[in-house]
Amino acid sequence: MQIVEKKIKLTDIDLLELFGPQEAHLQLIENKFDTAITVRGDTMVLRGEPIEVKKIEQIFQELTHSLKRTGRLQLADVSMIVDLVDGGRAGVAPSSMSKEELDSVILWGKKEMIRARTPRQMEYYRKVRTNDLVFSIGPAGTGKTFLAVAMALAALRANEISRIILSRPAVEAGESLGFLPGDISEKVDPYLRPLLDALSDMVSPDKLKSMIEKRIVEIIPLAYMRGRTLNNSFIILDEAQNASRTQMKMFLTRLGRNSKAVVTGDVTQIDLPKKYDSGLMDVFELFGGISGIDFIEFEKSDVMRHRLVMEIVAAYERDAEKKQRINGDSKPI
């Protein structure tokens, strides 16, 4: 993949008007493309694929011309110009794709399209589109987190939200990381790395770095969410089986105006000292029947990783059932 860098001088133009209040116009353009956009004084630096860089350059030429002619820009004007210039964007669906396949496409990623590939993944996609809070529960490898990140990026590109918040409980899976060297960012990196990996599969390194620096994307431990109200955001809580009931309540009450949340987890992989403290264990009982909240349960048949992952999940399920019969314990693990 060829990457180019282009510097554009923005002279004799009101940059505050061009970029919009709180840089809303600039952010709308940034969210539409994979190209990283950096502004240094009156110079804008574009770094990305040649076709995208050329389109963004053309967009700003049109915006500058419009601003000089009318003296002001509205967000709707910017959106219209972006759509006009971006009409031939790469990622157009192959003519061989059926309507059903097109409907399953969640995001045109940097390498390939990301789409729902099983009936439950398609149901997951529909439920997230139509609800403000969705609990996604099931075994490893079913696409719970990966698809949620793709849906968040798609909402960002469509200008439905202005930022993405990704969070995880910092609970250790059988080994202590508390004495690792480094600052707080370096200490929590092992916990949050899977979320970064998912993002890295969908956007370029330069773009991801830019989005994090501008806080369009935030990746934070669950404990750091207290006291915040998250408006106009797509919020993902991953590995939620390791959130306590108190933490789950804290997280769910962060939801602000025009925000959407997806909570993912696997109740068979609880790493808390007391498994019944998990805030994911009783969500069906607590929130069932509330409008705007929905649930999706994945099964081992939805596993999309290496074929052995499905076999491993099935082996653990058989072992758990065997131990339950032997011990006569009716409680789920």
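Each remark here, short or long, concerns the structure printed above.
Counting restarts for each chain, with residues numbered from 1 along the sequence as it is written. The model is predicted, so local features are restricted to residues of pLDDT at least 70 and side-chain atom pairs to those at 80 or more, both for listing and for counting; the totals for chains, interfaces and linings are taken over all residues. Only hydrogens and water are removed before side-chain values are computed, so all heavy atoms of the structure are retained for them.

(A) Expanded view of the overall build of the protein chain. Labels follow the DSSP assignment, with helices taken as runs of H or I lasting at least four residues and strands as runs of E lasting at least two, numbered in each case from the N terminus. The number of helices and strands found in the protein chain is twelve helices and eleven strands. Every residue pair with non-hydrogen atoms within 4.5 Å of one another is taken to be in contact. For the protein chain, restricting intrachain contacts to residue pairs at least 6 apart in sequence, the fraction spanning at least 24 positions comes to 72%.

(B) Summary view of the packing of aromatic side chains. Aromatic rings from Phe, Tyr and Trp, with only the six-membered ring used for Trp, were paired whenever their centres fell within 6.5 Å, and each pair was classed as stacked if the ring planes differed by under 30 degrees, edge-to-face if by over 60, and tilted otherwise. Taken as a whole and assessed by the stated rule, the structure comprises five aromatic pairs. Taking the centre distance of 5.4 Å and the plane angle of 80° together, the rings of Y124 and F298 count as edge-to-face. On the criterion of sequence distance, the pair formed by Y124 in helix α6 (residues 119-130) and F298 in the loop between β11 (293-297) and α12 (307-327) is long-range, its members being 174 residues apart. Take Y124: its relative accessible area is 0%, and that puts it in the buried class. With a 1.4 Å probe rolled over the protein chains alone, any residue whose accessible area is under 20% of its type maximum counts as buried; one over 50% counts as exposed, and the rest are partly exposed. Owing to a relative accessible area of 5%, F298 belongs among the buried residues under this scheme. Ring geometry for F135 versus F287: centroids 5.8 Å apart, planes at 10°, classification stacked. Of this pair, F135 sits in strand β6 (residues 133-137) while F287 is found in helix α11 (residues 283-287), placing the two residues 152 residues apart along the sequence. Residues F135 and F287 agree in their burial class; the two are buried.

(C) Quick look at the sheet that holds strand β8 (residues 217-221). Any two strands with at least two DSSP bridges between them are considered paired. Taken together, six strands build an open sheet; the order of strands is β8-β7-β9-β10-β6-β11 and the sheet is parallel. Looking at strand neighbours, the two that pair on one side only are β8 and β11, the edges of this open sheet. When strand polarity is set aside, the average angle formed by the axes of neighbouring strands in this sheet is 15°. With five bridges connecting them, strand β7 (residues 163-168) and β8 associate as parallel partners. Bridging from a neighbouring strand, I164 pairs with V217 of β8. With respect to the sheet, α6 is in contact with β6, β9 (233-237), β10 (260-265) and β11, its orientation differing from that of β11 by roughly 170°. Against the sheet, helix α7 (residues 144-157) touches β6, β7, β9 and β10, its axis set at about 170° to β9. The convention used is that axes are lines fitted to C-alpha atoms, helices contributing only their stretch in contact, and that angles between N-to-C directions extend from 0 to 180 degrees.

(D) Inspection of the pattern of salt bridges at higher detail. For salt bridges, the criterion is a side-chain nitrogen of Lys or Arg within 4 Å of an Asp or Glu carboxyl oxygen. For the coordinates displayed, the defined rule picks out 18 salt bridges. Taking the shortest distance from any N to any O, the salt bridge between D34 and R157 comes out at 2.6 Å. Linking D34 in the loop between α2 (24-32) and β2 (36-40) with R157 in helix α7, this pair joins segments that are 123 residues apart in sequence. The partner of R129 in a salt bridge is E160, and the shortest N-O contact between them spans 3.3 Å. Of the two residues, R129 is situated in helix α6 and E160 in the loop between α7 and β7; the sequence distance between them amounts to 31 residues. For R129, a relative accessible area of 49% gives the class partly exposed.

(E) Inspection of the nonpolar core at higher detail. Of all hydrophobic cores here, the largest spans 38 residues; its most connected members are Y124, L153 and F234. Of all the secondary structure elements, the ones that give two or more residues to this core are β4 (105-108), α6, α7, β7, α8 (184-200), α9 (205-213), β8 and β9. The biggest single contributor to this core is α7, with nine residues. Dropping the residues within four chain positions of it, F234 is found in contact with V128, A148, M151, A152, A155, I161, R163, I164, I165, K260 and V262. In this description, a nonpolar core means a group of buried Ala, Val, Leu, Ile, Met, Phe, Trp, Tyr and Cys residues linked to one another through side-chain atoms lying within 4.5 Å.

(F) Quick look at the side chain of S167. Among the structural elements, S167 can be located in strand β7. The buried category is assigned to S167, whose relative accessible area is 0%. Polar contacts involving the side chain of S167 include one to the main-chain amide nitrogen of L222, which spans 3.2 Å. N or O atoms within 3.5 Å of each other form a polar contact, as long as, within protein, one can give a hydrogen and the other can take it, and as long as residues adjacent in sequence are counted only when both atoms are side-chain atoms.

(G) Main features of a nonpolar patch on the surface. Together, L308, I312 and Y316 make up a nonpolar patch on the protein surface, roughly 340 Å² of accessible area in all. Position of L308 among the secondary structure elements: in helix α12. Only residues whose relative accessible area exceeds 30% and that take part in no salt bridge are eligible for patches, with like-charged residues grouped when within 9 Å of each other and nonpolar side chains (Val, Leu, Ile, Met, Phe, Trp, Tyr) grouped when within 5 Å. Reported accessibility uses the Shrake-Rupley method at a 1.4 Å probe radius. Residues are deemed covered only where the shown protein chains occlude them.

(H) Main features of the packing of helix α3 (residues 50-70) against helix α4 (residues 75-85). Two elements in contact, α3 and α4, have axes separated by 10 Å at closest approach and are oriented at 140°. Overall, the two elements α3 and α4 adopt an arrangement that is oblique. Crossing angle aside, the handedness with which α3 passes α4 is right-handed. Within the contact between the two elements, α3 uses K55, Q58, I59, E62 and L63 and α4 uses V78, I81, V82 and V85. The nonpolar class holds Ala, Val, Leu, Ile, Met, Phe, Trp, Tyr, Cys and Pro. Asp, Glu, Lys and Arg form the charged class, and all remaining residues, Gly among them, are polar. Here the residues of the contact of α3 with α4 sort into six nonpolar, one polar and two charged. Working rule for angles: under 35 degrees goes down as roughly parallel, over 145 as roughly antiparallel, 65 to 115 as roughly perpendicular, anything else as oblique. In this scheme the handedness of a crossing depends on how the near helix is turned from the far one: anticlockwise by less than a right angle means left-handed, clockwise means right-handed.

(I) Fine view of the sheet that holds strand β3 (residues 43-48). Taking strand neighbours across the sheet as the criterion, the three strands line up as β1-β3-β2 in an open arrangement whose pairing is antiparallel. Strand pairing shows two members of the sheet lacking a second neighbour, β1 (4-9) and β2, which therefore form its edges. Put simply, the sheet's adjacent strands are angled 20° from each other on average, direction ignored. The sheet contact formed by β2 and β3 spans five bridges and is antiparallel. Among the inter-strand pairings, R40 is bridged to a residue of β3, identified as T43.

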